[in-house]
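Listed here are the chains, written in short residue letters.
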Amino acid sequence: MATSLPPTYDRTGQHPLSPDVDHDETARFNFLTNLNVHLNQNVFPGNRIAFENRVSPKFEKETGHALETRQQVRQAMLGDSYYQSWAALRRNAMEQRQQAGRHAVLRQLDDLIEKAKHYNDGKETLQIDPNAEVPRYLAAVDNHCMPGSYYTDVVSDDVLAGANYETGVFITTAGSMSSKGDGGGRSIVNFVKDRFPDFSPKRILDLGAGIGVNTLPIAEAFPDAEVVAVDAGAPMLRWGHARAQALGYENVKFIHADGDALDLDPNSFDWVQTTMFWHETSTASIHSMMKKVFDLMAPGGLFLNVEQPNFTPETPLYDQFTRDWDAWYNNEPFWSKLHVMDVFEVMAKAGFDSGKMFDGGTEADIEQGQFQPWSSTISRHKAELKDDGDSKHNAYKGERWYLFGGWK
Amino acid sequence: MTEIDVNKLANAKAKGKRPYFFDDPAVERVLSITMAVATELAVTRERLDTVERLLEAGEPVTKANIDAYRPDDDASKDRQQWHADYISRILRIVHQELEAVENESLNEDPEKLADDFAAA
Amino acid sequence: MTETTKVRVPQTAKGHRPTFFEDPTNDRIMAMMTSMITEMWVMRERLDTVEALAAKKGVFLEEEIEQFEPDPDRAEERERMRQELLSRVFYVFQEEAEDIARGDTPESYEDAINTSADR
């Protein structure tokens, strides 16, 4: 069977701020994108075969009982030479992706900073707090193996983290986030418009927004709303704000803060969004941040989160082990804990009424001709849904975004 | 102009222990270098493809033209297909091993077979 | 078109593949290297064809290449490219050195996971 081909990097959406990516850098991105796709489509499936035919029988023979926990599966798999090779290749592919993206940005960093300043200087829509504290959950390890994570300033007015993030999303996801990388945000809009057609928010908060790649489709869908994007990483926000301005989004304000320390008016937001954010935090901070979120929400307001669905008692051990991979080897440590947390209990403790909570799935929204979603990621999975109604958004089959949320 | 060491910063290590999957860390290093060389070879091959396409179109082969070159849909697909095929060739050994793990009958030990044949 | 039946196209010759090193990973890396040497030659031969075709059109690339002397700018550019190539290919050593310098260990990572619930 032929492997499906991802689009070449030159097909990605460009804007006035986009780094100049020369011929060989483009070729390197193209190769690494293919390598990710290949490792996932052709090499990764072998881990399951090695698990079933070799690792699991060996464990049973040695211990006299079957594997019982995902931690046992991980330890047993670490001794298998096929798995070792896949894991080392995947780790290498991720490191090369960081190297390639960072090098392309670093060699023109001065230019990019100047361009960003052109859009940022003197604008009230960008608020950088030089005294903002880096939350401990970000400081412990550099998430996604990004050297310096989201928050490090290499030079003053730095934009490296943001520009590297935007450039590299294409490689890591093989274009499955759409040409502008905003497929997640567009899917959120589709979900909300379809499921809550009368919902018309006036103030929207996107917490942990990064460069705002998923915030802009929301701002576009509700052009009269005031949109606030918050993140703990200053170089992400400098890049994100300049990018938003360059693309003509003037209704989005970017604020630099740790979610816990957010100084905004209580009861003022009709919609608080978090996208693929919980797994990069910690138990203590997600509890306190959700209390903060509930406090900021206007009565009748919506909270919505996009995240990988959690394990259920039915999730096979091997799948649990696989979905924990990034926690152990791609510097996203909290994911392993979040996978077994009751997210609705977190919401209930923050003040949400359990009768007003829901979850669902939505199709990935990407343009025709782009690569199909998920083919470069290992997070394919099924989930048990809380609400199993008739809406097409309820049928979650793994190859979709999973969302959960609640009303105040 | 800010003075930064681009190569060093580009290579910087993310905070958090790097996992070593093989028993011998030297193996991890050699694999890492091998994959980096594989990337470089692919990059050079894509460059040569661009040179050929410029020549074919009668364009001067200058650095500016090479950097400005944008493949049309067919060329874009051809080039991605080349990468995909190339990776399959480089990682052939991993796939062969997978087939052998999947299907034990592919894995007959020649020594045992020789004994079987001699006995028959 | 008739319905296609699923046929398994073998990639692997039946019969155990011998591994020659104590660690089978070394056999794998050796196989990858061998494939790359093949690729390298294919590309080298392709470049030779480009030169030959150019010669047919009266552009004697082969000779010009031999006589070519880069001007100072290009020579400097090439030096930069060489440095960058080496830096990309050997990045893993820098990673290791930084790990040692920062004191990151498998235990410290395990600790980061186990305490992620408390922070």
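Residue indices follow the written sequence of each chain, beginning from 1 at its first position. Here every chain gets a letter starting at A, and every ligand a number starting at 1, in the order they are written. In keeping with the model being predicted, local features are shown solely for residues with a pLDDT of at least 70 and side-chain atom pairs are shown and tallied solely at 80 or more, while totals for entire chains, interfaces and linings include all residues.

1. A look at the overall build of chain C
Scanning chain C from N- to C-terminus turns up five helices and zero strands. Helix and strand definitions follow DSSP, with helices as H or I runs of at least four residues and strands as E runs of at least two, each counted in order from the N terminus. In sequence order, the secondary structure elements of chain C are arranged as α-α-α-α-α. With C-beta atoms placed from the backbone, the exposure class of a residue follows from how many other C-beta atoms lie within 10 Å of its own: 20 or more, buried; 12 or fewer, exposed; in between, partly exposed. Across the 119 residues in chain C, those meeting the buried criterion constitute 10%.

2. Things to note about the overall build of chain A
Secondary structure summary: chain A contains 15 helices and eight strands in total. Against the compact-globule benchmark of 22 Å for 408 residues, chain A has a radius of gyration of 21 Å, which places it among compact chains. Seen through its principal axes, chain A has C-alpha atoms that stretch 65 × 55 × 40 Å. What counts as a contact here is a pair of residues whose C-beta atoms, placed from the backbone, lie within 7 Å. A sequence separation of at least 24 residues applies to 81% of the contacts in chain A between residues at least 6 apart. Only C-alpha atoms enter the radius of gyration; for comparison, a globular chain is expected to reach 2.2 Å times N to the power 0.38, where N is the number of residues.

3. Comments concerning the interface of chain C and chain B
Contact residues are listed per partner, giving 42 residues for chain C and 43 residues for chain B. Of all elements in the fold, only α1 (24-56), α3 (72-89), α4 (91-102) and α5 (106-114) of chain C reach the threshold of two or more residues within the side of chain C that touches chain B. No other element matches the 15 residues that α1 of chain C contributes to the side of chain C that touches chain B. Counted by class, the side of chain C that touches chain B contains 17 nonpolar, twelve polar and 13 charged residues. Amino acids outside the nonpolar list (Ala, Val, Leu, Ile, Met, Phe, Trp, Tyr, Cys, Pro) and the charged list (Asp, Glu, Lys, Arg) are all regarded as polar, and Gly is one of them.

4. What to know about the interface of chain A and chain B
Facing 50 residues of chain A, the contacting portion of chain B comprises 46 residues. Elements represented by at least two residues in the side of chain A that touches chain B include exactly α1 (23-43), α2 (45-63), α4 (81-106) and α5 (109-120) of chain A. Here the side of chain A that touches chain B takes 13 residues from α4 of chain A, the largest share from any one element. Considering only residue class, the side of chain A that touches chain B consists of 23 nonpolar, 17 polar and ten charged.

5. Quick word on the environment of Ile 100 of chain C
All names here are of chain C. With respect to the helices and strands, Ile 100 occurs in helix α4. Ile 100 gets classed as exposed once you count the C-beta atoms within 10 Å, which come to 10. Taking the C-alpha atoms as reference, Ile 100 lies 38 Å from Asp 73; in sequence the two are 27 residues apart.

6. Thoughts on the domain arrangement of chain C
Accessible area lost when the parts come together is the quantity often used to give the size of an interface. Where each domain begins and ends is defined by an automated method or by a domain database. When its domains are assigned, chain C resolves into domain 1 (21-68) and domain 2 (70-113). Look at where the C-alpha atoms of domain 1 of chain C and domain 2 of chain C centre, and you get two points 26 Å apart.

7. Side note on the nonpolar core
Taken as a class, soluble globular proteins show a tendency for nonpolar side chains to be buried jointly. Residue and element names in this part refer to chain A. Core analysis: the biggest nonpolar cluster contains 135 residues, and Ala 116, Leu 205, Val 272 and Val 293 have the highest contact counts within it. Counting residues per element, this core draws most heavily on α4, at twelve residues. In contact with Val 293, not counting residues within four places along its chain, are Leu 207, Val 272, Phe 303 and Ala 350. Joined through C-beta atoms within 7 Å, a set of buried Ala, Val, Leu, Ile, Met, Phe, Trp, Tyr and Cys residues constitutes a nonpolar core.

8. Details of the confidence of the model for chain C
Predictor confidence is given residue by residue as pLDDT, running from a minimum of 0 to a maximum of 100. The share of residues in chain C with pLDDT of 70 or more is 79%, and the mean pLDDT across the chain is 78. Looking at the elements of chain C, mean pLDDT is at its lowest for α5 of chain C, recorded as 73, and at its highest for α3 of chain C, recorded as 88.

9. Some points on the confidence of the model for chain A
Overall, the prediction assigns chain A a mean pLDDT of 87, with 91% of residues at 70 or greater. Contacts from residues 374-398 of chain A, a stretch scored under 50 in pLDDT, to residues over four places away or in other chains number 62 contacts.

10. Thoughts on the environment of Ser 285 of chain A
Relative to the assigned elements, Ser 285 of chain A resides in helix α11 (residues 283-296). Once the C-alpha coordinates of Ser 285 of chain A and Asp 260 of chain A are considered, the two residues, 25 residues apart in sequence, prove to be 7.3 Å apart.

11. Some remarks on unusual backbone geometry
All names here are of chain A. One non-glycine residue, Ser 149, lies in positive phi territory at about 55 degrees. Note that Ser 149 resides in the loop between α6 (136-139) and α7 (160-173). Even without being glycine, Asp 157 reaches a positive phi, approximately 60 degrees. Summarising the element assignment, Asp 157 is placed in the loop between α6 and α7.

12. Overview of the environment of Ala 112 of chain C
Inspection of the secondary structure puts Ala 112 of chain C in helix α5. Residue classification places Ala 112 of chain C among the buried residues on the basis of 21 C-beta atoms within 10 Å. Excluding anything up to four places from it in sequence, Ala 112 of chain C contacts Ala 140, Val 141 and Pro 333 of chain A together with Gly 16 of chain B.

13. Looking at the sheet that holds strand β3 (residues 226-231) of chain A
Residue and element names in this part refer to chain A. The pairing criterion for strands is at least two bridges between them, as found by DSSP. With mixed pairing, the eight strands of this open sheet are ordered in space as β1-β4-β3-β2-β5-β6-β8-β7. Since the sheet does not close on itself, it has two edges, and those belong to β1 (126-127) and β7 (357-362), each with one partner. One ladder, built from five bridges, connects strand β6 (residues 297-306) with strand β8 (residues 401-407); its direction is antiparallel. Directly across from Phe 303, in β8, lies its bridge partner Gly 406.

14. Remarks on the packing of helix α5 (residues 92-102) of chain B against α1 of chain C
Two numbers describe how α5 of chain B lies on α1 of chain C: the axes approach to 8 Å, and their chain directions differ by 135 degrees. Considered as vectors, α5 of chain B and α1 of chain C are oriented oblique to each other. Note on element contacts: α1 of chain C touches α5 of chain B through Arg 28, Ala 31, Met 32 and Ser 35 of chain C, opposite Arg 92, Ile 93 and Val 94 of chain B. Its residues assigned to classes, the contact of α5 of chain B with α1 of chain C shows four nonpolar, one polar and two charged. The convention used is that axes are lines fitted to C-alpha atoms, helices contributing only their stretch in contact, and that angles between N-to-C directions extend from 0 to 180 degrees. Roughly parallel refers to an angle under 35 degrees, roughly antiparallel to one over 145, roughly perpendicular to one between 65 and 115, and oblique to any angle outside these ranges.

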